[in-house]
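For reference, the chains in residue letters:
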Amino acid sequence: MATLQTETLNGAFPAPIVTTPKCYLRPYDPRDAPAASSLANDAEVVRFLRDRFPHPYTLEDSQTFIKSTLEAKPVVDFAIFATTPGGGGEGEFAGGLGLTPGRDVQSRTWELGYWIGQKFWGQGIATMAVQAFVRWAFQTFPELHRIQAEAYHMNVGSMRVLEKAGFTKDGVMRGAACKKGVVIVSF
């Protein structure tokens, strides 16, 4: 199993695991909590996420989640930082992504989850982050055989991200999810 050093040296943030022209991914740091809670506390962002992602999303929620990611073995949840061309490597917190390892006979199939703040939608950041992260995951975890993701039928943007990132639709799960009392279709 891969492990990452998540302690900071002299106050520096953890090193990126992946860098693309539009973003970089790195382990969360406790100092990310205010930015994460600010972006995640958006009904439009949460609308397409699992119910375990709370709304409203408070600073305490963010701090608790970040603490859990840093204690996980292996580390499988990372922060997404949008970069600007010529920005000198500086980035702005844009969202998060991670993997949930499968269990039992599906232990080699892991589920990808991601979210991105609304101000970063439509810029290709999520697509680049997902593409790069999936490559990193297969290189880092040799036991991994398959990565899968779900998108709800009304989340056209996420379906497009997954398609552009190379995912293929395996099927339609009618009535498999219920969000805020409404039974929905998942792909």
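Residues numbered from 1 in each chain as written. Predicted model: local features only at pLDDT ≥ 70, side-chain atom pairs only at ≥ 80, totals over all residues. Heavy atoms only, no water.

Draft legend 1. Molecular detail of the pairing of strand 4 (residues 91-100). Burial analysis of strand 4 places seven of its 10 residues in the buried class, which makes it a mostly covered element. In the sheet, strand 3 (residues 77-83) pairs with strand 4 via seven bridges, with the strands oriented antiparallel. Paired with Thr-83 across the bridge in strand 4 is Gly-91. Of the pairings in the sheet, the one linking strand 4 to strand 5 (residues 109-116) comprises six bridges and is antiparallel in character. Across the sheet, Gly-98 pairs through a bridge with Gly-113, a residue of strand 5. (Buried < 20%, exposed > 50% of the residue type's maximum accessible area, 1.4 Å probe, protein only. Helix = DSSP H or I, 4+ residues; strand = E, 2+ residues; numbered from the N terminus. Pairing = 2+ DSSP bridges.)

Draft legend 2. Quick look at the sheet that holds strand 3. Spatially, the six strands line up as an open sheet ordered 1-2-3-4-5-6, and their pairing is mixed. Each edge of the sheet is formed by a strand with only one pairing partner; in this case those strands are strand 1 (18-19) and strand 6 (146-148). Sheet analysis places strand 5 next to strand 6, joined by three bridges and oriented parallel. Looking at strand 6, one finds that Glu-111 is bridged to Gln-148.

Draft legend 3. Quick look at the confidence of the model for the chain. Per-residue pLDDT for the chain has a mean of 87; in total, 86% of the residues score no lower than 70. Of the regions scoring below 50 in pLDDT, residues 1-9 engages in 19 contacts with residues more than four places distant in sequence or in other chains. (pLDDT = per-residue confidence, 0-100. Contact = heavy atoms within 4.5 Å.)

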